[in-house]
Amino acid sequence: MKRGKFITFEGGEGVGKSTQAKRLAERLERAGVPVIITREPGGTPVGEDVRDLIMKDRPTDPMTELLLFAAARAEHVTSVIRPALDDGTWVISDRFIDSTRVYQGKRYGLEPELISLLERYTVSPDFPDLTLILDLPATEGVERAQNRGTLSRYDAERIETHEVLRKGFLEIATSEPKRCVLIDASLPVSSVETAVWQAVSAHLLVEAR
Ligand SMILES: Nc1ncnc2c1ncn2[C@@H]1O[C@H](COP(=O)(O)OP(=O)(O)O)[C@@H](O)[C@H]1O
Ligand SMILES: Cc1cn([C@H]2C[C@H](O)[C@@H](COP(=O)(O)OP(=O)(O)O)O2)c(=O)[nH]c1=O
């Protein structure tokens, strides 16, 4: 049985991750590839509870927040992601480790060594095969999230904070060019979809055949 591929979408608020995750899944299905979509925080009953908890009662201590995201991720990897990949199913996750690196690492300054250690225990060896980083000026992303009508407490942060987050994602794209592809998310939905499909075809479909 050929192992499935693991694809993650990352980027700031409202950049189009959920929209593109759905479109990519539809394209893969049309290409005959078995695929599931999942998200973080979330993806499991425990993960969804953690999501509700974090969104509702924001932890005052960044370390609490980091450990909650890590706990949800451990459950997500062991009960959803790893079994699917082992079974030959492709997995698309709307946010994953890079969100922690950027939101808890860059924004709160929590130590990269600690974040790496948590990744080692919660994710390893199931790191993403391909990460699509959707890039958009922070003001546009927040505007899209506002228009969508669901502005989370994270979305509502100051625009300077969103720019710090954007920079964090750009740094990851630069430092890990084999895993990450940077996508211009300011283009129309269908053009972003084409860019995503080109990246997936070039990185994964050729070797999957
Ligand atoms: N390329 C795009 N151009 C314009 N609007 C978009 C684009 N992609 C998504 N949107 C819209 O922006 C909002 C946020 O998109 P969404 O996929 O929910 O983003 P995210 O999951 O990154 O928060 C939605 O209302 C969506 O319809
Ligand atoms: C997965 C993850 C998410 N987050 C944050 C990013 C988002 O602001 C929030 C999840 O909200 P979500 O609704 O997924 O964001 P979006 O507005 O992009 O659709 O949780 C972290 O801070 N760390 C993490 O590890």
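Residues numbered from 1 in each chain as written. Chains lettered and ligands numbered in written order. Predicted model: local features only at pLDDT ≥ 70, side-chain atom pairs only at ≥ 80, totals over all residues.

Observations regarding the overall build of the chain
Here's step 1: When its secondary structure is counted, the chain shows eight helices and five strands.
Here's step 2: Listing the helices and strands of the chain from first to last along the sequence gives β-α-β-α-α-β-α-α-β-α-α-β-α.
Here's step 3: In summary, the chain has a C-alpha radius of gyration of 16 Å against a globular reference of 17 Å for 209 residues, a match within 12%.
Here's step 4: Overall size of the chain, expressed as C-alpha extent along the three principal axes, is 45 × 35 × 30 Å.
Here's step 5: The burial tally for the chain puts 37% of its 209 residues in the buried class.
Here's step 6: Intrachain contacts of the chain at a sequence separation of at least 6 include 80% that bridge at least 24 residues. (Helix = DSSP H or I, 4+ residues; strand = E, 2+ residues; numbered from the N terminus. Rg over C-alpha atoms; globule rule 2.2 N^0.38 Å. Buried ≥ 20, exposed ≤ 12 C-beta atoms within 10 Å, placed from the backbone. Contact = placed C-beta atoms within 7 Å.)

Things to note about the pairing of strand β1 (residues 6-10)
The side chains of a regular strand alternate between both faces of the sheet.
Here's step 1: Within β1, five of the five residues are buried, which leaves the element mostly enclosed by the surrounding structure.
Here's step 2: Because side chains alternate across β1, one face comprises the buried residues Phe6, Thr8 and Glu10, and the other comprises Ile7 and Phe9, equally buried.
Here's step 3: Sheet topology note: the β1/strand β4 (residues 130-135) ladder contains four bridges and is parallel. For glutamate 10, the partnering residue across the bridge sits in β4 and is isoleucine 133. (Pairing = 2+ DSSP bridges.)

Focus: the sheet that holds strand β2 (residues 35-39)
Here's step 1: Taken together, five strands build an open sheet; the order of strands is β2-β3-β1-β4-β5 and the sheet is parallel. Looking at strand neighbours, the two that pair on one side only are β2 and β5 (180-184), the edges of this open sheet. Between one strand and the next, the sheet's axes are offset by a mean angle of 20 degrees, whatever the strand orientation.
Here's step 2: Bridge analysis of β1 against strand β3 (residues 90-94) gives four bridges, and the strand direction is parallel. (Axes fitted to C-alpha atoms, helices over the stretch in contact; angles between N-to-C directions.)

So, the site of ligand 1
Here's step 1: Around ligand 1, the surrounding shell holds 14 residues, and the nearest of these are Gly16, Lys17, Ser18, Thr19 and Arg144.
Here's step 2: Listing elements by their share of the shell around ligand 1, those giving two or more residues are α1 (17-30), α6 (138-148) and α8 (189-208).
Here's step 3: With four residues, the top contributor of residues to the shell around ligand 1 is α6.
Here's step 4: Of the residues in the shell around ligand 1, the class split is five nonpolar, five polar and four charged. (Near = placed C-beta within 6 Å. Nonpolar A, V, L, I, M, F, W, Y, C, P; charged D, E, K, R; others polar.)

As for the nonpolar core
Here's step 1: Counting 31 residues, the largest nonpolar core has Leu132, Ile133, Leu134 and Ile183 as the members making the most contacts within it.
Here's step 2: Of all the elements, helix α7 (residues 159-175) adds the most residues to this core, at four residues.
Here's step 3: With near-sequence residues (within four places) excluded, isoleucine 133 lies in contact with Glu10, Gly11, Phe169, Ile172, Ala173, Cys180, Leu182 and Ile183.
Here's step 4: In this structure, Leu66, Phe69, Ala70 and Ala72 belong to the second largest nonpolar core, which totals six residues. (Core = buried A, V, L, I, M, F, W, Y, C linked by C-beta atoms within 7 Å.)

Description of the pairing of β4
Here's step 1: With five bridges connecting them, β4 and β5 associate as parallel partners. Following the sheet pairing, leucine 134 is matched in β5 by isoleucine 183.

Quick notes on the UniProt feature "binding site: ATP" (unreviewed entry) in the chain
Here's step 1: Taken from the UniProt record, the annotation "binding site: ATP" (unreviewed entry) applies to Gly11, Gly12, Glu13, Gly14, Val15, Gly16, Lys17 and Ser18.
Here's step 2: With respect to the secondary-structure elements, glycine 12 resides in the loop between β1 and α1.
Here's step 3: Assessed through the 31 C-beta atoms surrounding it within 10 Å, glycine 12 is described here as buried.
Here's step 4: Relative to the assigned elements, valine 15 resides in the loop between β1 and α1. (UniProt positions renumbered as here; feature names shortened; annotations may be inferred.)

Side note on the confidence of the model for the chain
Here's step 1: Counting all residues, the mean pLDDT for the chain is 93, and 95% of those residues have values of 70 or more.
Here's step 2: Interface predicted TM-score (ipTM) for the complex: 0.97; the corresponding pTM is 0.96. (pLDDT = per-residue confidence, 0-100.)

Some remarks on α1
Here's step 1: Between its first and last C-alpha, α1 extends 20 Å over 14 residues, near the 20 Å set by a 1.5 Å rise per residue.
Here's step 2: The complete set of buried residues in α1 reads Lys17, Gln20, Ala21, Leu24 and Leu28. Looking straight down α1, one finds its buried side chains confined to an arc of 105 degrees; they lie on one side. Turned more than 90 degrees away from the buried face of α1 sit Glu29 and Arg30, all of them exposed.
Here's step 3: Of the residues one or two after α1, glycine 32 is the one with positive phi, at around 85 degrees. (Expected span 1.5 Å × (residues − 1). Arc of directions from axis to C-beta.)

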